[in-house]
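Now for the letters of each chain:
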Amino acid sequence: MTALLSVSALDAFYGDFQALFGIDFELEQGEAVAVIGANGAGKSTFLKSLAGLVRNRPDAIRLAGRDIGDSGAAKVVRLGLALVPEGRQLFRSLSVEENLLVGAYGGDRRSPWDLQSVYRMFPVLQERRRSSVTVLSGGQQQMVAIGRALMSNPSVLLCDEISLGLAPIIVEDIYRMLQQIRDNGTGIIVVEQDIARALRSTDRFYCLQEGRVTLAGTPADVDQQAIRSAYFGM
Amino acid sequence: MSGLDTLIEGVLLGGVYALFALGLSLIFGIMRLVNLAHGDLILLAAYLVLSATTALGVSLVASTLLVVVVMFVLGFLLQRLVLERVIGDDILPPLLVTFGLSIVIQNGLLLTYGADSRRIQAGAFESMSIAIAPGVSVGLAPLLALLTAIVAVALMQLIFYQTSLGRAFRATADNPQIAQLMGIDERSVYAIAVGLSLAVSVVAAITFGIRANFDPSIGPARLLYAFEAVIIGGMGSLWGTLAGGIVLGLAQAIGARINPEWQILAGHLAFLAVLMVRPRGLFPSGRP
């Protein structure tokens, strides 16, 4: 049995600077995996590599049996891998609904997500569908960012720091939504600074430090001390 | 009644300027690209229409459609083969390339068509006029030019705000990298935008080519009016560009009315006045 998404010996570079060293990683259908690590550990680079914003060896990343390591972002999203970028990055001159519709630009992969189902999950967005995204609260903006990514009907959803700058109660809401998204069979990769929050809602985790995986496992099997040392390298 | 005449003439002239400026405004709004060859590309379109009507002997309408297609393809290829290589964080390389392109087109036209003044023949239509009030009549050709400008802006607006392509344009203008994450191929979006810009320029070329004589050297002067219209209207706003063209046309008509030598000067003065009062134009788009 092969995983939905598998990463093998991934090295990633920004020019001459090597940000990731031989990363191995797997994700099954409907599974939620956390990637944790300190600032500069390579978490965002890892997500950017998956999403096609950083190019790699073709066979370093395989999605549903297909090599996508050297595919560009526009192609990767069509193949079923969508990124919710850090800081939400909504299109400021587009309305709420237009932001969602742009998410569906990448072709016609049908079920289950469309405007109706996204609005069903985030009713507040339907009320504000004609508003500019700039007047929404942070939590609502995050909902648009997640909804926008879902509109491409991804088999894998990448979430980069989705709790950043949000009130704890809103963060709980958002994570409840992620659970719903998983129930539809979508695999989720969560990158978070807030380790405890990430580990509570995921099946497995990978800890990165200076571009290498220093620890991996299920949250229940690993004690806090081991995580702390993998995180800080102490 | 002559005051009213002047106003009407100014508004109609503004329609032509707005058409010049529309293509420029379009690619500036989407790509932040300033196309210094825009005026010369309009002239190229005018000469192509001229060739199609005289050499091929097809009707004006048929040659317009033909040249629209040709210019769209030309714009698409221009972006994919040339401009794409220089577009980036630095705004200087695209300026230099389009400046060079402007010179190449001017000399290419000079070589092919010679330096004589030409004009697009539209038959009896050129001199037809209709009376809009007792004692006031307007030429059908300039009136049609203004209506065409309005329809062109409305059509662009429709594409921008009601279609998936338009959303892709606006999303890419906001943030090209994030637009890629939505499956939008930035390269083809830009190429379509340049193609569209040149297709619109054909309409500008015809309204202008019927109204006045042209020769290969006048492109840069048209570009200047187009720039002024875009900036008066506010960068990135298409209705603003139409308004900008009309402000410019009105100023020139009023200037010419006071003293025929002041026509062009009055246009530039109106431009400076708007810049002083509203540095971001009359209808600046929301983005900083």
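As a reminder, the structure under discussion sits directly above these lines.
Presented here is a report on the structure given in the accompanying data block. (Residues numbered from 1 in each chain as written. Chains lettered and ligands numbered in written order. Predicted model: local features only at pLDDT ≥ 70, side-chain atom pairs only at ≥ 80, totals over all residues.)

What follows covers the overall build of chain B. Along its length, chain B carries 11 helices and 2 strands. Mapped from its N terminus to its C terminus, chain B presents α and β elements in the order α-α-α-α-β-β-α-α-α-α-α-α-α. In terms of principal-axis extent, the alpha carbons of chain B reach across some 60 × 50 × 35 Å. Buried residues in chain B amount to 49% of all 288 residues. A separation of at least 24 residues holds for 74% of the contacts in chain B among residues at least 6 apart in sequence. (Helix = DSSP H or I, 4+ residues; strand = E, 2+ residues; numbered from the N terminus. Buried ≥ 20, exposed ≤ 12 C-beta atoms within 10 Å, placed from the backbone. Contact = placed C-beta atoms within 7 Å.)

Looking now at the interface of chain A and chain B. Facing 22 residues of chain A, the contacting portion of chain B comprises 17 residues. Elements that contribute at least two residues to the side of chain A that touches chain B include exactly helix 2 (73–79) and helix 3 (96–103) of chain A. Of the residues assigned to the side of chain A that touches chain B, the class counts are 12 nonpolar, 7 polar and 3 charged. (Nonpolar A, V, L, I, M, F, W, Y, C, P; charged D, E, K, R; others polar.)

Attention now moves to the nonpolar core. Membership of the largest hydrophobic core comes to 163 residues, with the highest contact counts inside it found for Leu158(A) and Ala46(B). Apart from residues lying up to four places away in sequence, Ala46(B) is in contact with Ile120(B), Ala205(B), Phe208(B), Gly209(B) and Phe214(B). (Core = buried A, V, L, I, M, F, W, Y, C linked by C-beta atoms within 7 Å.)

Moving on: helix 3 of chain A. Burial within helix 3 of chain A is extensive, with 6 of its 8 residues counted as buried. Where helix 3 of chain A is buried, its residues touch helix 4 (115–121), helix 5 (123–127) and helix 6 (138–150) of chain A together with helix 6 (164–174) of chain B.

Residue and element names in this part refer to chain A. Across the sheet, which stays open at both edges, the 4 strands sit in the order 2-1-4-5 with antiparallel pairing between neighbours. Pairing within the sheet leaves two strands with one partner each, and these edge strands are strand 2 (17–27) and strand 5 (66–67). Summarising the sheet, strand 4 (residues 61–63) and strand 5 pair through 2 bridges and their orientation is antiparallel. Directly across from Arg62, in strand 5, lies its bridge partner Asp67. (Pairing = 2+ DSSP bridges.)

Coordinates in, geometry out; function isn't part of it.
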